[in-house]
Amino acid sequence: MKRLLQISFDIFLTSICPIIIWIALGFIVDKEISNVLIITYPLQFFYMIFTEIFSVGPNITDSKNDDKCVVKSNMLFGGFFVFLITILLVLNIDRYILFFNLETSIYHTYTIYSVFLMFFGFLMQLISQKLYYESKNSLSNKINVQFNVINLVSVIVFSIIFKNYFAVLLTVIIDMIFIFYCFCKNFKFVKLNLSIKKNIKNVSFKIWGNVGMLLIYLTGIQNVVSFGKEYLNAINFDSITSDTQWDMLNSISTAAKIDISKDNFDYKKSLKDAYKLLLLLMLSMLIMNFSLYWFYKPDLKIYIIIFVVQIIDMVLNVPAFIKWDYLQIKDNNKKHNFAYVFCRILRFLCSFLPTGFCTYIGQLVSGTYKYIYSSVKTKKFLAFKKTSG
């Protein structure tokens, strides 16, 4: 449980700090600025794809083959490669905003900041994932605290002073200097060994999942906006009050992957710890809802439906996370990959439903499918029965 909380703590910081930032900027600059959170929401899955390929995958490959070079090589190459993609995205940021039929003049500057923040989150994952697999969770916590405090203080203080692009520019420069310092201090790179094929094989479910989520939210949010701003406001409020909790739930998957790849997995213990974490996260969701409702004031009927879907899906996903990770590492085959892709296709198709709840209907369908499929397949998997005691 201690390790799970340590990993969750890093994810908590990475997730809650942007939310605090957007709430603060809503007061400091303009209330509509907080909508940048939902505008750039699909892009987090874009960066998660690269996190799986260049961070999680290489660490699993290292655990299986004892090859430290593969982790360090992917950190170096992945950081540079994703930096180039981030620059291309920033240069086309107005086209991205117009895709949602929103005004570029309002969101241009801080959407660029949000993109860079996601890139920095990717770089921090390169560092953190390596430390998790080396059982250096406390060091990862320390680095994440330092980065998030520096970023949060910088953007808020500079936004109060300048209230323009200069605030974003200074924050990005300071963040980049800190991350570069962390890379230089903690890691030495040796010979190049990417092993991209092995890395992708070890995390193919997550890659398919993030590709699907990117497409789902690009189309889904565009569809939702057409049903009125009250739906966009409700979804934005949901993102602020539940996104951190969803991100922290991913620590369940991270911990499970470490144990499974090192043949040190106990399903009952993992599930027990996961449900303890889930209860804490649900409690925090309720607190955030009561605390922030007065400021955002989303349509109550719309939001209650969204909230119920989130709770049901969280309960379904806790065991599903662990079971899918086991299938990924111990029984990876084309059938399971096809099943995961099919699940994402179902959710993607739901994004086109003629309702403002299209993304949440897709979420519920997808969550139910993943739970049923993983439960059936792990019941038939004898090694899993033995592991689960």
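Before reading on, note that the structure itself is shown above.
Quick caveat: nothing in here was measured; it's all calculated off a predicted structure.

Basis of the calculations
- Residues numbered from 1 in each chain as written.
- Predicted model: local features only at pLDDT ≥ 70, side-chain atom pairs only at ≥ 80, totals over all residues.
- Heavy atoms only, no water.
- Helix = DSSP H or I, 4+ residues; strand = E, 2+ residues; numbered from the N terminus.
- Rg over C-alpha atoms; globule rule 2.2 N^0.38 Å.
- Buried < 20%, exposed > 50% of the residue type's maximum accessible area, 1.4 Å probe, protein only.
- Contact = heavy atoms within 4.5 Å.
- Areas by Shrake-Rupley, 256 points an atom, 1.4 Å probe, with all protein chains shown as cover.
- Phe/Tyr/Trp six-rings, centres within 6.5 Å; stacked < 30°, edge-to-face > 60°.
- Axes fitted to C-alpha atoms, helices over the stretch in contact; angles between N-to-C directions.
- Parallel < 35°, antiparallel > 145°, perpendicular 65-115°, else oblique.
- Left-handed = near helix turned anticlockwise from the far one by under 90°.
- Nonpolar A, V, L, I, M, F, W, Y, C, P; charged D, E, K, R; others polar.
- Salt bridge = Lys/Arg side-chain N within 4 Å of Asp/Glu carboxyl O.
- Core = buried A, V, L, I, M, F, W, Y, C linked by side-chain atoms within 4.5 Å.

A. Representation of the overall build of the protein within the structure. Helix and strand content of the protein: 16 helices and 0 strands. Over its C-alpha trace the protein gives a radius of gyration of 20 Å, about what one expects of a compact globule, namely 21 Å for 389 residues. Seen through its C-alpha atoms, the protein measures out along the principal axes to roughly 55 × 50 × 35 Å. The buried share among the 389 residues of the protein stands at 60%. Counted over contacts in the protein with a minimum sequence separation of 6, partners at least 24 positions apart contribute 85%. Accessible surface for the protein amounts to roughly 16,900 Å². Of this, 69% is attributable to carbon and sulfur atoms.

B. How the structure looks around the packing of aromatic side chains. The full count for this structure, using the stated rule, is 39 aromatic pairs. Ring centres of Phe 50 and Phe 54 lie 6.3 Å apart, and the angle between their planes is 15°; this geometry places the pair in the stacked category. In this pair, Phe 50 and Phe 54 both sit in helix H3 (residues 43–65), 4 residues apart, roughly one turn of the helix. Here Phe 50 matches Phe 54 in class, with each residue buried. With centroids separated by 5.2 Å and ring planes inclined at 85°, the aromatic side chains of Phe 99 and Phe 100 adopt a geometry described as edge-to-face. The exposure class of Phe 99 is partly exposed, given its relative accessible area of 34%. Through successive ring pairs, a cluster of aromatic residues spans Phe 27, Phe 237, Tyr 293, Trp 294, Phe 295, Tyr 296, Tyr 303 and Phe 307.

C. Summary view of the environment of Leu 139. Summarising the element assignment, Leu 139 is placed in helix H7 (residues 137–161). On the basis of relative accessible area, Leu 139 is assigned to the partly exposed category, the value being 30%. Separated by 210 residues in the primary sequence, Leu 139 and Leu 349 place their C-alpha atoms 42 Å from one another.

D. Expanded view of the packing of H3 against helix H10 (residues 204–225). Put simply, H3 and H10 touch, their axes get as near as 8 Å, and they point 165° apart. One finds that H3 runs roughly antiparallel with respect to H10. Of the two possible hands of crossing, H3 and H10 adopt the one that is left-handed. In this structure, H3 uses Leu 43, Phe 45, Phe 46, Met 48, Ile 49, Glu 52 and Ile 53 to contact H10, whose residues at the interface are Lys 206, Ile 207, Asn 210, Val 211, Met 213, Leu 214 and Tyr 217. Tallied by class, the residues present in the contact of H3 with H10 amount to 11 nonpolar, 1 polar and 2 charged.

E. Up close: the side chain of Lys 257. Counting through the fold element by element, Lys 257 comes out in helix H11 (residues 229–261). For Lys 257, the contacting residues outside a window of four places in its chain are Glu 52, Val 56, Ile 60, Tyr 133, Val 203, Lys 206, Asp 325 and Ile 329.

F. Up close: the pattern of salt bridges. Per the stated rule, a full pass over the model turns up 5 salt bridges. A salt bridge links Glu 134 to Lys 130, with the nearest nitrogen and oxygen atoms 2.4 Å apart. Under the relative-accessibility criterion, Glu 134 is labelled partly exposed at 25%. The exposure class assigned to Lys 130 is buried, which follows from its relative accessible area of 6%. For Glu 134, the salt bridge is made with Lys 136, and the minimal N-O distance between the two is 3.6 Å. We classify Lys 136 as partly exposed; its relative accessible area is 41%. Look at the salt bridges and you will find they share partners, linking Lys 130, Glu 134 and Lys 136 into a network.

G. Geometry of the packing of helix H1 (residues 2–28) against helix H6 (residues 104–133). Look at H1 against H6: their axes get within 11 Å of each other, and the N-to-C directions meet at 170°. When the axis of H1 is compared with that of H6, the two are roughly antiparallel. Residue-level inspection shows Ile 7, Asp 10, Pro 18, Ile 21, Trp 22 and Leu 25 of H1 in contact with H6, the latter providing Tyr 110, Tyr 113, Ser 114, Leu 117, Ser 128 and Tyr 132. A breakdown of the residues in the contact of H1 with H6 according to their chemical character gives 9 nonpolar, 2 polar and 1 charged.

H. Focus on the nonpolar core. One finds Tyr 47, Tyr 110, Phe 122, Leu 249 and Ile 252 to be the most contacted residues of the largest nonpolar core, which totals 121 residues. Among the elements that line this core, the one with the most residues is H6, at 18 residues. With near-sequence residues (within four places) excluded, Leu 249 lies in contact with Leu 278, Leu 281, Met 314, Val 318 and Phe 321. If you look at the next biggest cluster of nonpolar residues, it comprises 7 residues, including Ala 320, Leu 327, Tyr 340 and Tyr 373.

I. Spatial organisation of unusual backbone geometry. The backbone phi angle of Asn 101 is positive, close to 60°, even though this residue is not glycine. Structurally, Asn 101 can be placed in the loop between helix H5 (93–99) and H6. Although it is not a glycine, Lys 297 adopts a positive phi angle of roughly 45°. Looking at the element boundaries, Lys 297 is found in the loop between helix H12 (267–296) and helix H13 (300–330). On the accessibility criterion, Lys 297 (60% relative accessible area) is exposed.

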